[in-house]
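Reading the structure
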Amino acid sequence: MIIVDRIENDIVVLEIENRFYELPKFVFPETIKEGDVVSFVIDEETTSARKESLTNRLTNLFNKGER
């Protein structure tokens, strides 16, 4: 479980299994507050599209040299 321990200025302090981590507040919704439970989700669709785009760019880059 990831819990917002406290917010200090522009830093959110998260507690994860009795360890503390600091992240910039701008990566969270504006409504975040102490005591909130946070979860992170991997966006599979966007990740896949990004990988495909990078693969296409690399393919195009290397194919230009073969012409």
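Position labels on residues start from 1 in each chain and follow its written sequence. Per-residue local features are limited, in this predicted model, to residues with pLDDT of at least 70; the limit for side-chain atom pairs, both in listing and counting, is 80 or more; totals at the level of whole chains, interfaces and linings are taken over all residues. The basis for every side-chain value is the complete set of heavy atoms in the structure, and neither hydrogens nor water enter the calculation.

What follows concerns the side chain of Asp 36. Put simply, DSSP marks the helices as runs of H or I at least four residues long and the strands as runs of E at least two long, and each gets a number from the N terminus on. Checked against the element boundaries, Asp 36 lands in the loop between β3 (19-24) and β4 (37-38). Any two residues having at least one pair of non-hydrogen atoms within 4.5 Å are treated as being in contact. Contacts of Asp 36, omitting those with residues within four sequence positions, involve Ile 2, Ile 3, Val 4 and Thr 31.

Let us now look at a nonpolar patch on the surface. By definition, no residue in a patch forms a salt bridge, and every one has over 30% relative accessible area; like charges are joined within 9 Å, nonpolar side chains (Val, Leu, Ile, Met, Phe, Trp, Tyr) within 5 Å. Here the Shrake-Rupley method, with its probe set to 1.4 Å, supplies the accessible areas, and only the displayed protein chains count as covering residues. Here a salt bridge means any side-chain nitrogen of Lys or Arg lying within 4 Å of a carboxyl oxygen belonging to Asp or Glu. Nonpolar side chains collect at one region of the surface, where Leu 23, Phe 26, Val 27 and Phe 40 lie side by side and expose about 440 Å² of accessible area between them. Here Val 27 lies in the loop between β3 and β4. Judged by relative accessible area, which is 48%, Val 27 ranks as partly exposed. Only protein chains enter the area calculation, which uses a 1.4 Å probe; residues under 20% of their type maximum are buried, those over 50% are exposed, and those in between are partly exposed.

A word on the environment of Leu 14. Mapped onto the elements, Leu 14 comes out in strand β2 (residues 11-16). Owing to a relative accessible area of 2%, Leu 14 belongs among the buried residues under this scheme. Taking the C-alpha atoms as reference, Leu 14 lies 10.0 Å from Met 1; in sequence the two are 13 residues apart. Filtering out sequence-adjacent residues up to four positions away, Leu 14 remains in contact with Ile 2, Ile 3, Val 4, Asp 5, Arg 19, Phe 20, Tyr 21, Leu 23, Phe 28, Val 38 and Phe 40.

It is worth stressing that arrangement in space is one thing and function is another; only the former is reported here.
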